[in-house]
Amino acid sequence: MPFPAGQETVNKNSRGHSMSSTVMSSTTMSPEQNKAVVKRMWQALSEMDWEGMKACMHPEIFYEDVPSDDPGAHGPENCVKRLQIAFKHLSKQEQTTHHLVAEGNVVFLDHTEKWTFTSGETAQHTFCTLHEMKDGLVSRWSDYWDMNKFVGQFPGWFLEEMMKASAADFSD
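Residues numbered from 1 in each chain as written. Predicted model: local features only at pLDDT ≥ 70, side-chain atom pairs only at ≥ 80, totals over all residues. Heavy atoms only, no water.

Caption draft 1: Region of the structure containing the overall build of the protein chain. Scanning the protein chain from terminus to terminus reveals five helices and eight strands. Along the chain direction, N to C, the helices and strands of the protein chain fall in the order β-β-α-α-β-β-α-β-β-β-β-α-α. Put simply, the protein chain has 172 residues, and 42% of those count as buried. When the accessible surface of the protein chain is split by element, carbon and sulfur atoms take 53% of a total near 9100 Å². (Helix = DSSP H or I, 4+ residues; strand = E, 2+ residues; numbered from the N terminus. Buried < 20%, exposed > 50% of the residue type's maximum accessible area, 1.4 Å probe, protein only. Areas by Shrake-Rupley, 256 points an atom, 1.4 Å probe, with all protein chains shown as cover.)

Caption draft 2: Main features of the sheet that holds strand β6 (residues 106–117). Read across the sheet, six strands follow the order β4-β3-β8-β7-β6-β5 without closing on themselves; strand pairing throughout is mixed. At either margin of the open sheet sits one strand with a lone partner, and together these are β4 (73–74) and β5 (90–103). The pairing of β5 with β6 spans 12 bridges and is classified as antiparallel. Directly across from Ala-102, in β6, lies its bridge partner Val-107. Contacts from helix α1 (residues 31–46) reach β3 (57–65), β5, β6, β7 (122–134) and β8 (137–144), with the element oriented near 170 degrees to β5. Here helix α3 (residues 76–87) sits on the sheet in contact with β3, β4, β5, β6 and β8, set at roughly 40 degrees to β3. (Pairing = 2+ DSSP bridges. Contact = heavy atoms within 4.5 Å. Axes fitted to C-alpha atoms, helices over the stretch in contact; angles between N-to-C directions.)

Caption draft 3: Focus on the packing of aromatic side chains. Counted by the stated rule, this structure contains 17 aromatic pairs. Between the aromatic rings of Trp-115 and Phe-158, the centroid separation amounts to 6.3 Å while the plane-to-plane angle is 85 degrees, which identifies the pairing as edge-to-face. Here the residue Trp-115 occupies a position in strand β6, and Phe-158 occupies one in helix α5 (residues 156–163), the gap between them amounting to 43 residues. Measuring from centroid to centroid gives 5.6 Å for Phe-127 and Trp-145, while their planes differ by 45 degrees, and the two rings are tilted. In this pair, Phe-127 sits in strand β7 while Trp-145 sits in the loop between β8 and α4 (147–151), placing the two residues 18 residues apart along the sequence. Pairwise contacts between aromatic rings join Trp-50, Phe-87, Trp-115, Phe-117, Phe-127, Trp-145, Phe-150, Phe-154, Trp-157 and Phe-158 into one cluster. Arg-82 extends its terminal NZ or CZ atom over the ring of Tyr-63, reaching a point 4.6 Å from the ring centre. The positively charged end of Arg-82 is found above the aromatic ring belonging to Phe-170, 5.5 Å away from the centroid. (Phe/Tyr/Trp six-rings, centres within 6.5 Å; stacked < 30°, edge-to-face > 60°. Lys NZ or Arg CZ within 6 Å of the ring centre and 35° of its normal.)

Caption draft 4: Spotlight on the pattern of salt bridges. Taken as a whole and judged by the stated rule, the model has nine salt bridges. Lys-35 is paired through a salt bridge with Glu-32; the nearest N and O atoms lie 3.3 Å apart. Residue Lys-35 and its partner Glu-32 are located together in helix α1, separated by three residues, close to a single helical turn. (Salt bridge = Lys/Arg side-chain N within 4 Å of Asp/Glu carboxyl O.)

Caption draft 5: Focus on α3. Helix length check: α3, at 12 residues, gives a terminal C-alpha distance of 16 Å against a target of 16 Å (1.5 Å per residue), a fit within 8%. The buried fraction of α3 is high, at nine of 12 residues. Taken residue by residue, α3 has Pro-76, Asn-78, Cys-79, Val-80, Arg-82, Leu-83, Ile-85, Ala-86 and Phe-87 as its buried positions. (Expected span 1.5 Å × (residues − 1).)

See below:
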């Protein structure tokens, strides 16, 4: 049964986090506008432009790497802190977009990331990313990827650095 415009349905994901699906209303951004915000956010990530990334994030954003055990990050500041744990060890992050599809307030990005570590090693992997939009900004960011295939490419020193981090490093 269809929902009235603007009505939200709230479901919980496997970690108990709310996942809302807002039905488009006349004040909702178009799918093309939503795709443009997502493109800007990912361009800012490639440039490690943290302020540019935060400008694309809703104040209530939830960011998670679905295959990992960590609880994810809430809010733009914590999302950036979480990203910086890994990205401070990269000299470059490149992306190749394969597909970018939007329907209503949901944008899916199928892309490959290539990480170049400060020591020169590289790792490359394909991700599928779900973005939910609210008020023209990304309110949910969920990355789906094969942890073993990507992490298996990481240099040992980087894995040691990642083991030093905990959820306390990116939560209030």
